There are 4 protein chains.
Amino acid sequence: MEKKTLLTDCPDAIGLISKITNICYKHQLNIVHNNEFVDHAHNQFFMRTELEGYFNDSTFLDDLDRALPAGSHRRLISSARKRVVILVTKEAHCLGDILVKTFDGTLDIEIAAIVGNYDHLADLTTKFNIPFHHVSHEGLSREEHEQKLLNAINQYTPDYVVLAKYMRILSPNFVAQFPHKIINIHHSFLPAFIGAKPYQQAFERGVKIIGATAHFVTNDLDEGPIITQNVIPVDHNFSATDMSRAGRDVEKSVLSKALGLVIDDRVFVYGNRTVIL
Amino acid sequence: MEKKTLLTDCPDAIGLISKITNICYKHQLNIVHNNEFVDHAHNQFFMRTELEGYFNDSTFLDDLDRALPAGSHRRLISSARKRVVILVTKEAHCLGDILVKTFDGTLDIEIAAIVGNYDHLADLTTKFNIPFHHVSHEGLSREEHEQKLLNAINQYTPDYVVLAKYMRILSPNFVAQFPHKIINIHHSFLPAFIGAKPYQQAFERGVKIIGATAHFVTNDLDEGPIITQNVIPVDHNFSATDMSRAGRDVEKSVLSKALGLVIDDRVFVYGNRTVIL
Amino acid sequence: MEKKTLLTDCPDAIGLISKITNICYKHQLNIVHNNEFVDHAHNQFFMRTELEGYFNDSTFLDDLDRALPAGSHRRLISSARKRVVILVTKEAHCLGDILVKTFDGTLDIEIAAIVGNYDHLADLTTKFNIPFHHVSHEGLSREEHEQKLLNAINQYTPDYVVLAKYMRILSPNFVAQFPHKIINIHHSFLPAFIGAKPYQQAFERGVKIIGATAHFVTNDLDEGPIITQNVIPVDHNFSATDMSRAGRDVEKSVLSKALGLVIDDRVFVYGNRTVIL
Amino acid sequence: MEKKTLLTDCPDAIGLISKITNICYKHQLNIVHNNEFVDHAHNQFFMRTELEGYFNDSTFLDDLDRALPAGSHRRLISSARKRVVILVTKEAHCLGDILVKTFDGTLDIEIAAIVGNYDHLADLTTKFNIPFHHVSHEGLSREEHEQKLLNAINQYTPDYVVLAKYMRILSPNFVAQFPHKIINIHHSFLPAFIGAKPYQQAFERGVKIIGATAHFVTNDLDEGPIITQNVIPVDHNFSATDMSRAGRDVEKSVLSKALGLVIDDRVFVYGNRTVIL
C-alpha cells in the first residue's frame, strides 16, 4: 500500500470536488485528508488530497484529466523524501536549526549538501556528516559565481534550494532554474524593510514589532510569494543589534515552518500569493 | 436562490466526500466552501459545506440519509440570522463589545434580550434599544432563581445563550435546557485556574501569560468543550487587578470570536472537544 | 497627599538617577514607581517617576533644573484626568471601544466631544451622552474644513486629539496645532502599506499577518512616531474584506492601548521614535 | 575598566534609589542600565544596576550595606561567563538549540558538560566537542542514580544546571544542592497539565493553544517559580503527537530565553514568583 498526495488547481466549476473524489473512490483510494479552497474572486479551485491505496498513476491521472476543465494543473506526488541543497553565508542559526531538526527527524528531508560563499559554516555542517561546498564570490562576477553555485547545486538534483540567510542577490537566470523551488528567509516582516539591513531600518522606524518572512524567490528582490511570517514584540530597549539577535529565533522557526509546509506539498502558488492547504 | 450550510458528522468510510458532493451536484447545488476533517483515532468524519442554489430540503436530506452510514448526524441550516439572549452580571466589557459589533454589523446576530442578575448593565443595554431583564438572585434559592431566568430567556426562544461574564454557576437542570447552546467566557486559559478568582490565582502562581477561554457550558464547571482561547503576556509589574484589567480585552475578543464561529455554523462538538471547520 | 508624575529627558551624564532621586528624597516625595532608560547611541537619558507626597512644584522644579544638564526637558504632571476630543468618519469599532472603556472606567479619560466628517456615528455617540459635532468636508477646501474642525475641537481645549479611523489627511497647519498630541490608528503594520486601502494592499501582497499601528501624527503621512502595534494571523481564506473585518479587533485594541499609555504619561518622543516607560 | 551587575532586593523604604545610586556615584561607577520594581503588596524593593568603572568591591559593598535596611540582599556580580551543566534524556531539540546558540555566540555561556540518563544525545554533544556523561538510571534506586548524577555534575562546579527535556523527577535532596539554580522546561503552559504526558492531556482537554514553561526547580513538581512561558495555537487537526512536534519549537525557544535571562542576572526570585528586570 502506498501514500501519495494529489494537488489540483484549476478553474472552478460546479461539481469539482464530487468528480475528483469520485475518481479516487473508483480507484479504491482512501482519502486520508482533504482540503480545498476556492478563490471566488479569480474563480480558481485548489485541492490537496492525501490518498492511500494501490495506485495506477497513469490511468488515475487519465481519468482525472478527462474530468477536469481546460487549463487545469494536477500533480500526484509520491511520499518519497524531498532532497534539498542549502545555501549559506555566515550566520549559523537557520542552518543549525535545520540540521538539528533533520538530525532528530522533525524535518523529514534529505540534506544533500550545504553551499556557502564563505566557509564559516563548514565546521558546523561537517559535524552532521553533510558535504560542504565553499563557493567564494570573491574576484568573480555575479554570473561567474552563480555558474559555480549552479555546478555545486545541480550535481545533487535537489527538489528545493533553501537560502538559510544566504546574503547575496540571485540573478533572474539563477532563479529561472528553480521556479518556485527556492525558499528564502528575509529578516523582516515583508513588505516592510525590503533589501539590506532590515533590522537597522526597523530600528530607525521605531517599530514595536519585528518579524521574519519565508517566501519563494522570484526575480523581484523580496517580492516573491509569501509562505509564512511571524513576529515578536520589541521596545525602545532594543538596539538594531538587539533586534537582530532577538530576530534570529523568529527567522529560524519561520524558515523551518515554511520548509515543512513545502515538503508536505501543502503550498500552491497562484499569482504572487500562496494557498496553503 | 438560497444559501444553506450542510453539517455532516458520521463514522468515517471510504467515498464519503464523493457521495456527499455527488448529492449536492445532483441537486445542482453549488459548493461555495467546503471543509472536512477526519478524526482517524475515532474514525469520525466531519464536513461543513456551504451551498447555494434552489433547495428541496426533504429530497436532498433523504438522498443524503440513504448515502450516509448508520449513526450519522446531518443538519441543513438556513442562513437566517441567529437569535441570542445574553446573561450578564456587573462587568461591561464583553457585553459592550457584542453590542457595538452587532450595532455596526460585524456580528450578524439578533440580540433578543439581556438578562442580568444585577441591574448595572441596564443603562448600557437600553442605549442600544434592547430589552433588559433584571432577574436578581437575592433571597432566592438557585432553583428559584434559575426558574426565573428560564422564564425570562425562553420567551425569546433563542438559538444560543451567551454568558458575558455572567458570574453565577448554572445547575445541570439549566444546562440541560440548552445542550451545547450556552457559550461562556472564562477569564483564564483553561484548564488553568478553573473556578473563582482566576486572576488572583494566576497572580499567585506568577504566570507570565494570562488568557481567556470561550467554551460550551456543560455540567462540569469550566470543563466544557473549548471553542477559542487567546493569551497576552504579563510580568511582575502586573498585580491581580492589573491582570484583570488587561485580561478584559482578551476576554471580549475571545468571546466574540467564539460567538462568530458558532453562528457561522463552524463548530462541531465531539466528545468533549470541538472541531471547527 | 497628591500624586504626580515627573518626566525627565536630557543628555545623559554620570549620577543623574542619583541627583533626581535625591531631590525627590529631599522633598520627602516617595517614589512609587520609577523607570529609566538610556539611549547610549544618542547619549540621551529618560526617566519616569511616579511620586506621592506634598508638592511644592516651583521649588521642586527649581532644584531639578539646577541639577540637570543644559538642554534638559522635565515635566511634573498632575494626576488630573486627561481630556480628549475624538475625530471619526464612518466606522464604529474604535470609537465604540473607547466609549465602552470610558463608560466602565477602564480608560480614565474625559471624552469632551466626538467630531465626525459624517454623521454616521452621531447616534452611537449620543447614546453615551457625549456631544457630537458633524463637520462635513463636502463642498469645502481642506483649509476651510480644517478651520471648522479646529473651531469644533478647540472649544474643548483637549489634551489629546484621537483619530479613531478618521479617514481624511490632515495638513501640516492642523498638525502643528497639536504637536505629538494627535494619536492615529493606521490599519496596517507600519511601515507596510502606508496610505489608502492597506487591507487591499495586504491582500494583494499575500501577507500571512495583518496588523494595526497607533502613532503620533506628524506632517508625513503614516510616518510619525509609533506608540503601539499588534498583529493577527491571516491566510488564503481571507479576502481583503475579511482582512478588514478581522483587523478591526486589532485596530481598536491597539488604539486604546496606545491611548492608555499616553494618558498614563508613559510615552516619550525622541527623534521619530517613542520610549515607553 | 570593568563591568559588573548589582542586584539588590530589600524591604522598600523611602529614598532607596537615591541612596544606592549615590553610592554608585560616590564610587564613580557609571550606571549603564538601571531597572527597579517595588512590590507594594509586600513592600519589597528590587533593583538591577549595570555598572562600569573601577571597582573596589569590599568598600562599595560596605557602603551599600550601611545604607540598606535590615533584611536586605545584595550581590555584585562580575561579567564572567556562566558555566552550565545540561541534563538530557532522549529528545534533541532543546539541547540542539542551546548547542547551536552557544556555538555562534548567541548564548554567552560555557557548557561544561552534558549528562544524559540515556546515551542518545552523546553523538550530537560530541559533535560540539563537549564532554558527554552517560549516567544510566537503570537498575539503580533514585538515590543511587542521583548520587552518580551529582558526582558527574559537581566536578564542573556549574553556576546553573539546565534540564533540557530531562525526564526524571529529582528528589528534594538533589534540588537542595542547587537552590534556584536548576532551570527546567516543562512542555505545557503551567499550571495546566503538570506531570507526565502534558501533550496527551492537552489533546484530551481539546485546548486550542499549547505552550511551554521554563521555571526554577523546587521540591514540588512543576510548581517552581516561572521564568518564561510561551504558546502557539493548535486546532482539531493536531493529534497529541502533532502537538508534541509543534511544541518543540516553543520548548526550545522558551528554555533558551529563560537561560538567557538568568545568565544576564535579570531574574529575582521572591516567594514562588520571579521578578525579571
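Residues numbered from 1 in each chain as written. Chains lettered and ligands numbered in written order. Predicted model: local features only at pLDDT ≥ 70, side-chain atom pairs only at ≥ 80, totals over all residues. Heavy atoms only, no water.

Description of the overall build of chain A
In step 1: Tallying secondary structure elements over chain A gives 8 helices and 13 strands in all.
In step 2: Expected size for 277 residues packed as a compact globule is a radius of gyration near 19 Å; at 21 Å, chain A falls within 12% of this value.
In step 3: Taken along the three principal axes of its C-alpha coordinates, chain A extends 60 × 40 × 35 Å.
In step 4: Within chain A, contacts between residues separated by at least 24 positions form 66% of all contacts whose residues are at least 6 apart in sequence. (Helix = DSSP H or I, 4+ residues; strand = E, 2+ residues; numbered from the N terminus. Rg over C-alpha atoms; globule rule 2.2 N^0.38 Å. Contact = heavy atoms within 4.5 Å.)

Some words on the UniProt feature "active site" (unreviewed entry) in chain A
In step 1: The feature "active site" (unreviewed entry), as given by UniProt, occupies Asp 222 of chain A in the numbering adopted here.
In step 2: Looking at where Asp 222 of chain A falls in the secondary structure, it is placed in the loop between β10 (209–216) and β11 (226–233).
In step 3: With sequence-adjacent residues up to four places away left out, Asp 222 of chain A is seen in contact with Asn 184, His 186, Leu 190, Ile 194, Gly 195 and His 215 of chain A together with Arg 205 of chain C.
In step 4: In this structure the side chain of Asp 222 of chain A is engaged in a polar contact, spanning 3.3 Å, whose partner is the side chain of His 186 of chain A. (UniProt positions renumbered as here; feature names shortened; annotations may be inferred. Polar contact = N/O pair within 3.5 Å; in protein donor to acceptor, adjacent residues only side chain to side chain.)

Focus on the relation of the copies chain C and chain A
These two copies of the chain differ by a rotation about an axis and a displacement along the same axis.
In step 1: Expressed as a screw operation, the relation of chain C to chain A combines 0.0 Å of axial shift with a rotation of 180°, fitting to an RMSD of 0.0 Å. Put plainly, the chains are arranged around a two-fold axis. Taking the C-alpha atom as reference, chain C places Ala 192 of chain C closest to the rotation axis, 2.4 Å from it.
In step 2: Of the interface residues in chain C, 100% have counterparts in chain A that sit at the interface too, so the contact is made through matching surfaces. (Least-squares fit on C-alpha atoms with pLDDT ≥ 70 in both.)

Comments concerning the sheet that holds strand β9 (residues 182–186) of chain A
Residues and elements named next belong to chain A.
In step 1: Sheet architecture is open: 7 strands sit in the order β7-β6-β5-β8-β9-β10-β11, paired in mixed fashion. Of all the strands in the sheet, the pair left with one neighbour each is β7 (132–134) and β11. Pairwise comparison of adjacent strand axes, ignoring direction, gives a mean angle of 20° for this sheet.
In step 2: Pairing between β10 and β11: 7 bridges, direction antiparallel. Residue Ala 214 lies in a different strand from β11, and its bridge partner there is Thr 228.
In step 3: Contacting β5 (82–88), β6 (109–116), β8 (160–163), β9, β10 and β11, helix α8 (residues 240–263) runs over the sheet at an angle of about 150° to β11. (Pairing = 2+ DSSP bridges. Axes fitted to C-alpha atoms, helices over the stretch in contact; angles between N-to-C directions.)

Notes on the packing of helix α3 (residues 93–103) of chain C against helix α8 (residues 240–263) of chain C
All names here are of chain C.
In step 1: Remark: α3 packs on α8, axes separated minimally by 9 Å, with the N-to-C direction vectors making an angle of 45°. As the angle between them shows, α3 and α8 are arranged oblique. The handedness of the crossing between α3 and α8 is right-handed. Together, His 93, Cys 94, Asp 97, Ile 98 and Lys 101 of α3 and Arg 248, Glu 251, Lys 252, Leu 255, Ser 256 and Leu 259 of α8 make up the contact between the two elements. (Parallel < 35°, antiparallel > 145°, perpendicular 65-115°, else oblique. Left-handed = near helix turned anticlockwise from the far one by under 90°.)

Examining the interface of chain C and chain A
In step 1: With 31 residues of chain C in contact, the opposing surface of chain A contributes 31 residues.
In step 2: In total, about 2,600 Å² of surface goes out of reach between chain C and chain A, with carbon and sulfur atoms giving 62% of it.
In step 3: Of all residues in chain C, Arg 205, Lys 208 and His 236 of chain C give up the largest surface area on contact with chain A, accounting jointly for 28% of the area buried on that side.
In step 4: Between the two partners, chain C and chain A, sit 0 salt bridges.
In step 5: For the pair chain C and chain A, the number of links is 15 residue pairs in polar contact (both at pLDDT 80 or more).
In step 6: When residues of the side of chain C that touches chain A are traced back to their parent elements, those giving at least two are α7 (198–205), β11 (226–233) and β13 (273–276) of chain C.
In step 7: Of the residues forming the side of chain C that touches chain A, the biggest block, 6 residues, is contributed by β11 of chain C.
In step 8: Residues of the side of chain C that touches chain A, tallied by class, amount to 16 nonpolar, 9 polar and 6 charged. (Buried area = accessible area lost by both parts, 1.4 Å probe. Salt bridge = Lys/Arg side-chain N within 4 Å of Asp/Glu carboxyl O. Nonpolar A, V, L, I, M, F, W, Y, C, P; charged D, E, K, R; others polar.)

Here's the deal with the domain arrangement of chain A
Interface size is commonly expressed as the accessible area that is lost once the parts come together.
Residues and elements named next belong to chain A.
In step 1: For chain A, the assigned domains read domain 1 (2–78) and domain 2 (82–276).
In step 2: Domain 1 and domain 2 are separated by 31 Å when their C-alpha centres are compared.
In step 3: Listed per partner, the contact involves 13 residues of domain 1 and 8 residues of domain 2.
In step 4: When the two sides are added together, the surface that domain 1 and domain 2 hide from each other amounts to roughly 980 Å², 59% of it contributed by carbon and sulfur.
In step 5: Its largest share of buried area at the contact with domain 2, domain 1 owes to Leu 7, Phe 46 and Arg 48, together 47% of the area lost on that side.
In step 6: Applying the counting criterion to the domain 1 and domain 2 interface returns 1 salt bridge.
In step 7: As a salt-bridge pair, Glu 50 and Arg 266 come within 3.8 Å of each other at their nearest N and O atoms.
In step 8: Here domain 1 is connected to domain 2 by 2 residue pairs in polar contact (both at pLDDT 80 or more).
In step 9: Mapped onto the side of domain 1 that touches domain 2, the elements with two or more residues apiece are β1 (2–11), β2 (30–39) and β3 (44–53).
In step 10: With 5 residues, the single largest contributor to the side of domain 1 that touches domain 2 is β3. (Domains from an automatic or database assignment.)

Quick notes on the relation of the copies chain B and chain D
In step 1: Once chain B is rotated about the relating axis by 180° and shifted along it by 0.0 Å, it coincides with chain D to within an RMSD of 0.0 Å.
In step 2: Here 100% of the interface residues in chain B have copies in chain D that are interface residues too; the copies meet face to matching face.

Section: the side chain of Glu 36 of chain D
In step 1: Here Glu 36 of chain D shows up in strand β2 (residues 30–39).
In step 2: Here Glu 36 of chain D occupies a buried position and makes no salt bridge, while the nearest side chain of opposite charge, Arg 48 of chain C, is found at 9.6 Å.
In step 3: The residues touching Glu 36 of chain D, leaving out its near neighbours within four places in the chain, are Asn 34, Asn 35 and Glu 36 of chain C together with Ile 17, Phe 45, Phe 46, Met 47 and Leu 277 of chain D. (Buried < 20%, exposed > 50% of the residue type's maximum accessible area, 1.4 Å probe, protein only. Lys, Arg positive; Asp, Glu negative; His and termini not counted.)

Quick notes on the UniProt feature "domain: ACT" (unreviewed entry) in chain A
In step 1: As recorded in UniProt, the sites labelled "domain: ACT" (unreviewed entry) are residues 5–78 of chain A.
In step 2: Helix makes up 30% of residues 5–78 of chain A and strand 45%, and the two end C-alpha atoms of the span are 7 Å apart.

A few points about helix α2 (residues 57–67) of chain C
Residues and elements named next belong to chain C.
In step 1: Buried within α2 are the following residues: Phe 60, Leu 61, Asp 63 and Leu 64. Buried residues of α2, viewed axially, fall in a sector of 155°; they line one side.
In step 2: Packed against the buried residues of α2 are β1 (2–11), α1 (16–26), β3 (44–53) and β4 (73–78). (Arc of directions from axis to C-beta.)

Observations regarding the interface of chain B and chain D
In step 1: Facing the 31 residues of chain B at the interface are 31 residues of chain D.
In step 2: With both sides pooled, the region where chain B packs onto chain D buries about 2,600 Å², and carbon together with sulfur makes up 62% of that total.
In step 3: Summed over the three residues of chain B that lose the most area to chain D, namely Arg 205, Lys 208 and His 236 of chain B, the buried surface amounts to 28% of that side.
In step 4: Our count for the contact surface shared by chain B and chain D stands at 14 residue pairs in polar contact (both at pLDDT 80 or more).
In step 5: Sorting the residues of the side of chain B that touches chain D by element identifies α7 (198–205), β11 (226–233) and β13 (273–276) of chain B as the ones contributing at least two each.
In step 6: Considering each element in turn, the side of chain B that touches chain D owes the most residues, 6 residues, to β11 of chain B.
In step 7: Of the residues in the side of chain B that touches chain D, the class split is 16 nonpolar, 9 polar and 6 charged.

Details of the pairing of strand β12 (residues 267–270) of chain B
Residue and element names in this part refer to chain B.
In step 1: Where β12 and β13 come together, 4 bridges link them in antiparallel fashion. Opposite Phe 268, over in β13, you have Val 275 as the bridge partner.
In step 2: Counting the residues in the hairpin turn of β12 and β13 gives 2 residues, including Gly 271, whose phi is positive at 65°.

Here we look at helix α1 (residues 16–26) of chain A
In step 1: Those residues of α1 of chain A that fall on the buried side of the exposure criterion are Leu 16, Ile 17, Ser 18, Ile 20, Thr 21, Ile 23 and Cys 24 of chain A.
In step 2: With its phi angle positive at about 55°, Gln 28 of chain A sits one or two positions after the end of α1 of chain A.

Topic: the pattern of salt bridges
Residue and element names in this part refer to chain A.
In step 1: By the definition in use, this model includes 72 salt bridges over all chains.
In step 2: When the shortest N-O distance is used, the salt bridge between Arg 266 and Asp 264 registers 3.3 Å.
In step 3: The partly exposed category is assigned to Asp 264, whose relative accessible area is 37%.
In step 4: If you follow the salt bridges from partner to partner, you end up with Arg 48, Glu 50, Asp 264 and Arg 266 in one network.

Some thoughts on the environment of Thr 5 of chain D
Residues and elements named next belong to chain D.
In step 1: For Thr 5, the position within the fold is in strand β1 (residues 2–11).
In step 2: Separated by 173 residues in sequence, Thr 5 and Phe 178 place their C-alpha atoms 21 Å apart.
In step 3: When residues no more than four places from it in sequence are discounted, the contact partners of Thr 5 are Arg 48, Thr 49, Glu 50, Arg 75, Leu 76, Ile 77 and Asp 265.

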